[in-house]
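Now for the letters of each chain:
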Amino acid sequence: MIQFRNVSLTYPNGHKGLKNINLEIKDGEFVVIVGLSGAGKSTLIRSINQMVKPTDGELLIDGENTLKFSDRRLRSFRRNIGMIFQNYNLVKRSSVLRNVLAGRLGHTGTLRSIFSLFSQEDVKLALNSLDRVGIAEKAYIRADQLSGGQQQRVSIARALTQKPKLILADEPVASLDPPTSHAVMKDLKRINKEDNITMVVNLHAIDLSMQYADRIIGLRNGEVVFDGPASSVSEQTFEDIYGRPIKEDDLVGDVSNE
Amino acid sequence: MSQLDINNMKNPKRAKYWWTFAAVTAFMAILYYIAFTETRLGAQRSIWESGPLLQRFFWDPFFMPEIHAKIPDYFGYMIETVAIAYAGTLMGAILAIPVGFLAAQNVGGHFSFIGKGVLNAVRAFPEILFAIIFVAAVGMGPFAGVLAISINSIGMLGKLYAEVIESIDMEIISTLKATGASKLQVLVYGVIPQVLPEFSSYALYRYEIDVRSSSVLGIVGAGGIGAPLILAANNRSFEEVGMMLFIIVLTVTVIDLISTNIRKRLV
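All of these numbers come straight from a predicted model, not from anything done at the bench.

**Examining the environment of Ala139 of chain A**
All names here are of chain A.
- For Ala139, the position within the fold is in the loop between helix H5 (120-132) and helix H6 (148-161).
- Distance in space between the C-alpha atoms of Ala139 and Val154 is 9.2 Å, their sequence separation being 15 residues.
- Setting aside its immediate chain neighbours within four residues, Ala139 contacts Ser95, Val96, Leu97, Leu127 and Leu130.

Written out as structure tokens, the structure reads:
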């Protein structure tokens, strides 16, 4: 369970990224955060694992205020949070398997990992993660040989290999074409259901949000302006969140289900 | 219709261009005049005397049996030269890694000026000066050459390494940190794979340079083919000098070809 209590974040340049956020995300929920670019979606999602650190308030995860964690405690806490990015953030010159095994780094001793001495179970786990996103046969190929959609699946596999309780996804499909976007969203949804992993996903595409989310949180100027189940959301809701009429660009477009 | 008479358009900067051109030309002519009158840059002997001398360097050696007999010796010296360059570059390429990391803005942070300062100071000296210092410090011979080469390589490689490190994708670093990886793990899994190909490519390139410079380090007693070269030159046995120059050019060319080929595959 993630609880934001009066969380605010002011960047060093004075820009207010988050303003007094109060939220509660339950275990196993599939939450989609929507809002225009600059609304604070990335800041919100990155403050959960403290890639950016909130400047005020309390951020409780399973009852503990994570903002008070020491560096060491923060590192072990981050092991349990997988993260997926718009640009995949893979080490392009390393093999797919090595990229996926990077998800075990937090669980592996520094000395062992330097010499790539991952346990047999870890390698099996990594291959199994790749298999779950359907690209196990690419394990020994260099990451930059893969297409965008395949690279995003590798990064999902990396997150899975962490055996996380929570996966954060920051605009995971913004660089992908519509069919691939749907495929990646389906992977995330399936993992959410099968492993009961909490998903917090940033999206700006309205139709994707409505289709895959259990719950939608709308942000504008660093404030929560909407919070409700996806079933209660209509296009009107989005016009309220965005503060402007819906445009063609806000939709990914429906793709006939295969 | 435009107001301009396009048939009679002139570049308004044209006159200024010719004035600048004339001024620069005059300035260079004056400098040239000063150089020739204030120093004796003119040839000291006539072209007719130089011809036979150049022939002694670059033609005769190939037809003299007594020079042919010395070729194995010369190759021995050349191998020593190449070995000095190899040992020096290897040491320099490894020692440049910590200095390069320190000098990189995104790793060294506020302290990167220390690394940059060290590298700039090192680069201010030519190799031959380091060679003179080390010959004095550790005595004549190849070891002094190796030290001179390695220190000088650190200067250039450290700077190039730092630039490579500054250009890496920092998002990958924060991604790995977000999985709970330790600093050393981030280095091994995030930084090294991004920089290693460029590092090796630069080290190879530096090796090409070092083979050339270790050929002359012998002049100050730091081992290699430079010592017999300067000796032969002082004895005015230009046929020997010519043959050694030929061997140097041959070796350097072969090494350049191989190294260029490897570097193409690296990056």
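Read on, since the account is not over.
**Quick word on the sheet that holds strand E3 (residues 30-34) of chain A**
All names here are of chain A.
- In space, the 6 strands of this open sheet follow the order E6-E7-E8-E3-E9-E10, with mixed pairing throughout. Two strands lie at the open edges of the sheet, namely strand E6 (81-85) and strand E10 (223-229), each paired on one side alone. Averaged over all pairs of adjacent strands, the angle between strand axes in this sheet comes to 15°, irrespective of strand direction.
- Across 4 bridges, the pairing between E3 and strand E9 (residues 215-220) is parallel. The residue of E9 that forms the bridge with Ile33 is Ile217.
- Sheet strands in contact with helix H1 (residues 41-48) are E3, E6, strand E7 (166-170), strand E8 (198-202) and E9, and its direction is about 155° off that of E7.

**Here's the deal with the environment of Ser70 of chain A**
Residues and elements named next belong to chain A.
- With respect to the secondary-structure elements, Ser70 resides in the loop between strand E5 (64-65) and helix H2 (71-78).
- Under the relative-accessibility criterion, Ser70 is labelled partly exposed at 41%.
- A sequence separation of 19 residues divides Ser70 from Met51, and the C-alpha atoms of the two residues are 14 Å apart.

**A word on the interface of chain B and chain A**
- Taken together, the contact between chain B and chain A spans 21 residues of the former and 26 residues of the latter.
- Summing both partners gives a buried area of about 2,100 Å² for chain B against chain A, and 57% of it is carried by carbon and sulfur.
- In this structure, the connection of chain B to chain A is made through 1 salt bridge.
- Note that Arg93 of chain A is salt-bridged to Glu198 of chain B, the shortest N-O span being 3.2 Å.
- Our count for the contact surface shared by chain B and chain A stands at 10 residue pairs in polar contact (both at pLDDT 80 or more).
- Taken together, the elements giving at least two residues each to the side of chain B that touches chain A come down to helix H9 (170-178) and helix H10 (183-217) of chain B.
- Looking at the side of chain B that touches chain A, the element that brings in the most residues is H10 of chain B, giving 9 residues.
- Among the residues making up the side of chain B that touches chain A, the classes are represented as 10 nonpolar, 8 polar and 3 charged.

Calculation rules
- Residues numbered from 1 in each chain as written.
- Chains lettered and ligands numbered in written order.
- Predicted model: local features only at pLDDT ≥ 70, side-chain atom pairs only at ≥ 80, totals over all residues.
- Heavy atoms only, no water.
- Helix = DSSP H or I, 4+ residues; strand = E, 2+ residues; numbered from the N terminus.
- Contact = heavy atoms within 4.5 Å.
- Pairing = 2+ DSSP bridges.
- Axes fitted to C-alpha atoms, helices over the stretch in contact; angles between N-to-C directions.
- Buried < 20%, exposed > 50% of the residue type's maximum accessible area, 1.4 Å probe, protein only.
- Buried area = accessible area lost by both parts, 1.4 Å probe.
- Salt bridge = Lys/Arg side-chain N within 4 Å of Asp/Glu carboxyl O.
- Polar contact = N/O pair within 3.5 Å; in protein donor to acceptor, adjacent residues only side chain to side chain.
- Nonpolar A, V, L, I, M, F, W, Y, C, P; charged D, E, K, R; others polar.

Any functional reading would require information that these geometric values do not contain.
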